[in-house]
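Structural overview
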Amino acid sequence: LSFGFIEDEMMQAEDLYGPDSALAAYHRTRAAAAYTRAIFYGQKLLEMRNPGFVEAKEDAESMDAWLAGFEGEEDAEYLFWMGQAWMSRINLLKDRPEYVAELFVGVKMMQKSVELDPDYSYHSGKAILGAYHARSAMAKNELVDSKKYFDEALAATEGKALLIKVNYATRYLCATRDKENYVKTLNEVIEAGDTLPLQRLQNTLAKRRARRELAAWRMEACSFDIAPE
């Protein structure tokens, strides 16, 4: 709901009125609230399977110890959605240090999910970790890890899971200032046919987001040179 629809409304408002507009801020707040709701229920589910989450999220070491209690592929599904909601909320609230300080919690859950079932949701966990490692263009080792995750996900899905390609463009190719492949990859998404029927909704959302990410102001945010119209 939040990623597919509320964030889409947020991006539309950003394109029409600017990222700092009141309408964009309104939808950003709605999207973050939806993720908070998902986290609330996700935490309850994980506590039923392995109590101790609140204490575990104090630091990385305690998270590792708690996550060791998850062992099956079914756990991978629950950890994936909890981790995705956790990391997505922080992406919307990256100006709030109290949230950013807990980014490791979502990352640890996503890493454990991929460890338990790397194929889950068409390798989406790898794409999310690839996006995480591309968060800073200055961290070269992180970019190496980002490329590794994206390469694995793209190869495993044969490029048919289009959200992975969108994330690859908007995270890794943006971070590496590769304008040519950024534009090429997003246009491939837009022009793709019905590549994966079981992911038809996700691929439709990917096409919409690809079009938005080709907006001049979004490309300028990647430090791409944009020729004046």
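Everything numeric in this text was worked out from a predicted model, so none of it was measured.

Side chains of Leu16, Tyr17, Leu23 and Tyr26 sit close together on the surface and give an oily, nonpolar patch of about 460 Å² of accessible area. Its location among the elements puts Tyr17 in helix α1 (residues 2-17). For Tyr17, a relative accessible area of 57% gives the class exposed.

The next point concerns helix α7 (residues 103-116). Helix length check: α7 (14 residues) gives 20 Å between terminal C-alpha atoms against 20 Å at 1.5 Å per residue, within 8%. Counting buried positions along α7 yields 11 of 14 residues, so the element is predominantly enclosed. Turning to α7, its buried residues are Leu103, Val105, Gly106, Val107, Lys108, Met109, Met110, Lys112, Ser113, Val114 and Leu116. Packing partners of the buried residues in α7 comprise α2 (22-49), α3 (53-56), α4 (60-67), α5 (73-92), α6 (97-100) and α8 (120-133).

Moving on, we come to empty space enclosed by the protein. Evaluation of the coordinates by the stated rule reveals 2 cavities of 30 Å³ or more. Roughly 60 Å³ of volume is contained in the largest cavity. The wall of the largest cavity is formed by Phe3, Gly4, Asp8, Met11, Leu163, Leu205, Ala206, Arg208 and Arg209. Residue assignment for the lining of the largest cavity shows that the elements contributing at least two residues are α1 and α12 (200-213). Looking at the lining of the largest cavity residue by residue, the classes come out as 5 nonpolar, 1 polar and 3 charged. Taken as a whole, the second largest cavity holds about 40 Å³ of empty space. Around the second largest cavity, the lining residues are Phe80, Ser113, Val114, Asp117, Pro118, Asp119, Tyr120, Gly125 and Lys126. Secondary-structure elements contributing two or more residues to the lining of the second largest cavity are α7 and α8. For the lining of the second largest cavity, the leading source of residues is α8, giving 3 residues.

Cut-offs and rules
Residues numbered from 1 in each chain as written. Predicted model: local features only at pLDDT ≥ 70, side-chain atom pairs only at ≥ 80, totals over all residues. Heavy atoms only, no water. Patch = residues over 30% accessible without salt bridge, like charges linked within 9 Å, V, L, I, M, F, W, Y side chains within 5 Å. Areas by Shrake-Rupley, 256 points an atom, 1.4 Å probe, with all protein chains shown as cover. Salt bridge = Lys/Arg side-chain N within 4 Å of Asp/Glu carboxyl O. Helix = DSSP H or I, 4+ residues; strand = E, 2+ residues; numbered from the N terminus. Buried < 20%, exposed > 50% of the residue type's maximum accessible area, 1.4 Å probe, protein only. Expected span 1.5 Å × (residues − 1). Contact = heavy atoms within 4.5 Å. 1 Å grid on protein atoms, 1.4 Å probe; cavity = no way out; pocket = protein on both sides within 12 Å on 5 of 7 lines; lining within 4 Å. Points joined across faces, edges and corners; volume = space filled by probe spheres on them. Nonpolar A, V, L, I, M, F, W, Y, C, P; charged D, E, K, R; others polar.

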